[in-house]
Amino acid sequence: MNTVVLLGPPGAGKGTVAEVLVDKGYRHISTGDLLREQIRLETPLGLEAKKLMDKGRFVPDDAVVSMIRDVLKSSESSAKFLFDGFPRTLNQAEKFDELIQSLEGTLDEVILLECPDDVIVERLSGRRTCEKCGAVYHEIFNPPSKGDRCDVEGCELMQRPDDNETTIRKRLAVYAERTAPLITYYEAKDLVHPIDATQSIGQVREAVLEKLG
Ligand code: ADP
Ligand code: AMP
């Protein structure tokens, strides 16, 4: 089992990059998407997670690690995984290392998407997503071809409840405090490949494909 981690602040473009890596055989695992599915299903985890996510706070490590454990344990050993939004704390990173080791897998790369806060606020404020297929758009930078509808599903696009400026700023503060230390953690393992995520969507995708494609 091979794994790659997409690291970077919320809104840096992890999901947008992941779309092209799926075409290269990677399985895209977004913990945000997994948690939103729990919310949609109104499970106990979903109900608890929603309260935290709406405020820009993290869901407890144990719950998130347990979701990832279930995904990895039920997968083929030959699978290639692309993690987006996980790990997000040092504790999650350590648990992830243990899990990979126990499954005889490897963490091959950590792609770090670097992007300043002001660019992120602009990106997240204009983000639109398809609830059915998870496709990500931006009202200016990556608009759908027809009105406010998903190009794939044709259904109406939605704006995430946590994509408002107050919650975005809170999420950025939480990222700086709890997730940014992972950069040093993975640098010590010589795994980090930084990419300038302020470039256009095409350029960022190309830079990532050059490394992983
Ligand atoms: P993340 O998964 O890191 O939270 P997304 O991939 O959802 O970020 O991207 C956040 C928003 O920014 C989306 O609206 C997306 O269309 C837009 N976006 C992503 N990458 C770029 C880019 N390189 N240039 C401009 N807008 C981008
Ligand atoms: P995302 O879709 O990656 O922007 O994540 C949306 C929200 O889900 C985050 O702001 C957190 O509240 C929660 N979340 C997603 N992944 C994790 C994680 N690995 N650890 C804790 N909370 C998470």
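That block above? That's the structure.
Residues numbered from 1 in each chain as written. Chains lettered and ligands numbered in written order. Predicted model: local features only at pLDDT ≥ 70, side-chain atom pairs only at ≥ 80, totals over all residues. Heavy atoms only, no water.

1. So, the environment of Glu109
We count it as follows: The helix count covers DSSP runs of H or I at least four residues long, the strand count covers runs of E at least two residues long, and both are numbered beginning at the N terminus. Contacts: residue pairs with any heavy atoms within 4.5 Å of one another.
Along the chain, the position of Glu109 falls in strand 4 (residues 106–114). Taking the C-alpha atoms as reference, Glu109 lies 31 Å from Lys55; in sequence the two are 54 residues apart. Once you skip the residues sitting within four places of it in the chain, Glu109 turns out to touch Thr3, Val4, Val5, Leu191, His193, Lys211 and Leu212.

2. Let's talk about the sheet that holds strand 1 (residues 2–7)
Spelled out, the test is: Pairs of strands are assigned from DSSP output, requiring at least two bridges between the strands. Note on geometry: axes are C-alpha line fits, over the in-contact stretch for helices, and angles between N-to-C directions span 0 to 180 degrees.
With parallel pairing, the 5 strands of this open sheet are ordered in space as 2-3-1-4-7. The outermost strands of the open sheet, each flanked by one partner alone, are strand 2 (27–30) and strand 7 (192–196). For this sheet, the mean inter-axis angle between neighbouring strands, taken without regard to orientation, is 25°. Note that strand 1 and strand 4 share 6 bridges and pair parallel. Residue Asn2 lies in a different strand from strand 4, and its bridge partner there is Thr106. Sheet contacts for helix 4 (residues 61–73): strand 2 and strand 3 (80–84); angle to strand 3, the most-contacted strand, approximately 165°.

3. Some points on the site of ligand 1
Operational definition: Only a single heavy atom is needed: when it lies within 4 Å of a molecule or strand, its residue is near that molecule or strand. By the criterion applied in these results, polar contacts are pairs of N or O atoms within 3.5 Å in which, for protein atoms, one can donate a hydrogen and the other can accept it, and in which residues neighboring in sequence qualify only through two side-chain atoms. Methods summary: accessible areas were calculated by the Shrake-Rupley approach with a probe of 1.4 Å, and residue burial reflects only the protein chains presented. Polarity classes work like this: nonpolar for Ala, Val, Leu, Ile, Met, Phe, Trp, Tyr, Cys and Pro, charged for Asp, Glu, Lys and Arg, and polar for all others, with Gly in that last group.
Taken together, the neighbourhood of ligand 1 is formed by 21 residues, with Gly11, Lys14, Thr16, Arg127 and Tyr137 sitting nearest. For ligand 1, an oxygen atom lies 2.8 Å from a polar atom in the backbone of Gly11. Considering ligand 1 on its own, with 560 Å² of exposed area, one finds that the protein chains cover 93% of that surface. Of all elements in the fold, only helix 1 (14–22), helix 6 (117–125), strand 6 (136–138) and helix 9 (201–212) reach the threshold of two or more residues within the shell around ligand 1. Taken together, the residues of the shell around ligand 1 sort by class into 10 nonpolar, 8 polar and 3 charged.

Everything listed here is a matter of geometry and, on its own, says nothing about what the molecule does.
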